[in-house]
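A structural walkthrough
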Amino acid sequence: MNPHDTTAGQGPSLRDWRRPATDEWRRGKAAALALTFDVDAESAVLGRMPAAVNDLSAMSHQAYGPQVGLPRILRLLESTATPATFFVPGDSARRWPRAVETILAAGHEIALHSDQHRSLLTMTQTEQEQDLGANLEALAALGVRPVGYRAPNWQLTAVTLDLLVDAGVAYDSSLMDDDRPYVIDHPRGQIAELPVHWSLDDWEQYAFLPEPDIGQVIDAPSKVLEIWQGELDAMRSTGGLCVITCHPFLSGRPSRLRVIADLIQAAQDYGDVELVRCDTVAARLLDT
Ligand SMILES: [Zn+2]
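Residues numbered from 1 in each chain as written. Predicted model: local features only at pLDDT ≥ 70, side-chain atom pairs only at ≥ 80, totals over all residues. Heavy atoms only, no water.

Remarks on the packing of aromatic side chains
Which entries qualify depends on this criterion: Side-chain rings of Phe, Tyr and Trp, where Trp is taken by its six-membered ring, are said to pair if the distance between their centres is within 6.5 Å; with planes under 30 degrees apart they count as stacked, over 60 as edge-to-face, and otherwise as tilted. Elements are defined by DSSP. Helices are runs of H or I of four residues or more, strands are runs of E of two residues or more, and each kind is numbered from the N terminus. Here the term buried applies to any residue with accessible area under 20% of the maximum for its type, exposed to any over 50%, and partly exposed to those in between, with areas from a 1.4 Å probe on protein chains only.
According to the stated counting rule, one finds four aromatic pairs in the structure shown. Aromatic side chains Phe-37 and Phe-86 sit 5.0 Å apart centroid to centroid with 20 degrees between the ring planes, which places their arrangement in the stacked category. Separated by 49 residues along the polypeptide, Phe-37 in strand β1 (residues 31-38) and Phe-86 in strand β2 (residues 85-88) bring together distant segments of the chain. The same class applies to Phe-37 as to Phe-86, namely buried.

Structure follows, in structure tokens:
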């Protein structure tokens, strides 16, 4: 059975498992903003092209994230009293344990993001089990007990969903069939979904490397702010959860960090937008 099968009358599907959305999770606010950071570092490149480990320039491009971008992001979040969620692959946790510890020490949420940042689409079930297990183990070694998951490249599979529910993971943040969070009543148990979208990801706006091809566009930060703030503002009339996905190696650069700062400022100025961690939203959903 493929839960992503959208063919009517062919048995249970992901859309059949969705519990009708309620507004309880918003706690009276018009919308919510969840700032999320995928700490991909080297894994974003090595997951695509293992030989790139010999390319010191490409590796340094990725190391910029935990080395320079992340500390800046943490300072910004602290100065604005903003809670955030960091999705950390096992590979990043092993290469950059101090970075994970600084995120934890700052009081933010740390969640799962696969072990090697390899596509789940080509993995067997056993490989997926090992990948999730290794990610859990790498974070556990640093004292983290994550409750959330995000698939690498947002390529969640039916097998992944089964494994997450079996592992007791409270939420996923990889799907795109809504702009409000919802609960999946999976046959094996409940799991919340906090939907994402390509337009709200810094990757599509900023990622560039000659090889491997992680992206070929470098957009103006002003354009990114226009897209993100426009969506957040509009969600105040639709009751949305604006999940912004940033990568420290991309959004940690000076002019791009200002986009995040300006977005936080805008959210605070609206007065009816709550800045939330993903685990907070998931807990409210599974509670109601
Ligand atoms: Zn990632």
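A few points about the pairing of β1
Quick reminder of the rule: We call two strands paired when DSSP finds no fewer than two bridges between them.
Here β1 lies mainly inside the structure; eight of its eight residues are buried. Alternating positions in β1 separate into two faces, Ala-31, Leu-33, Leu-35 and Phe-37 on one and Ala-32, Ala-34, Thr-36 and Asp-38 on the other, with burial throughout. Strand direction decides the pairing type here: β1 and strand β9 (residues 273-275), joined by three bridges, are parallel. Bridge pairing in β9 places Ala-32 opposite Glu-274.

What to know about unusual backbone geometry
The omega torsion across Glu-211 and Pro-212 is -5 degrees, close enough to zero to call that bond cis. As for its position among the elements, Pro-212 is in the loop between α8 (203-206) and α9 (221-235). Unusually for a residue other than glycine, Ala-41 sits at a positive phi of about 45 degrees. Inspection of the secondary structure puts Ala-41 in the loop between β1 and α2 (43-46). The phi torsion at Asn-153 lies on the positive side, around 60 degrees, for a residue other than glycine. Looking at Asn-153, the relative accessible area reads 26%, which means it is partly exposed.

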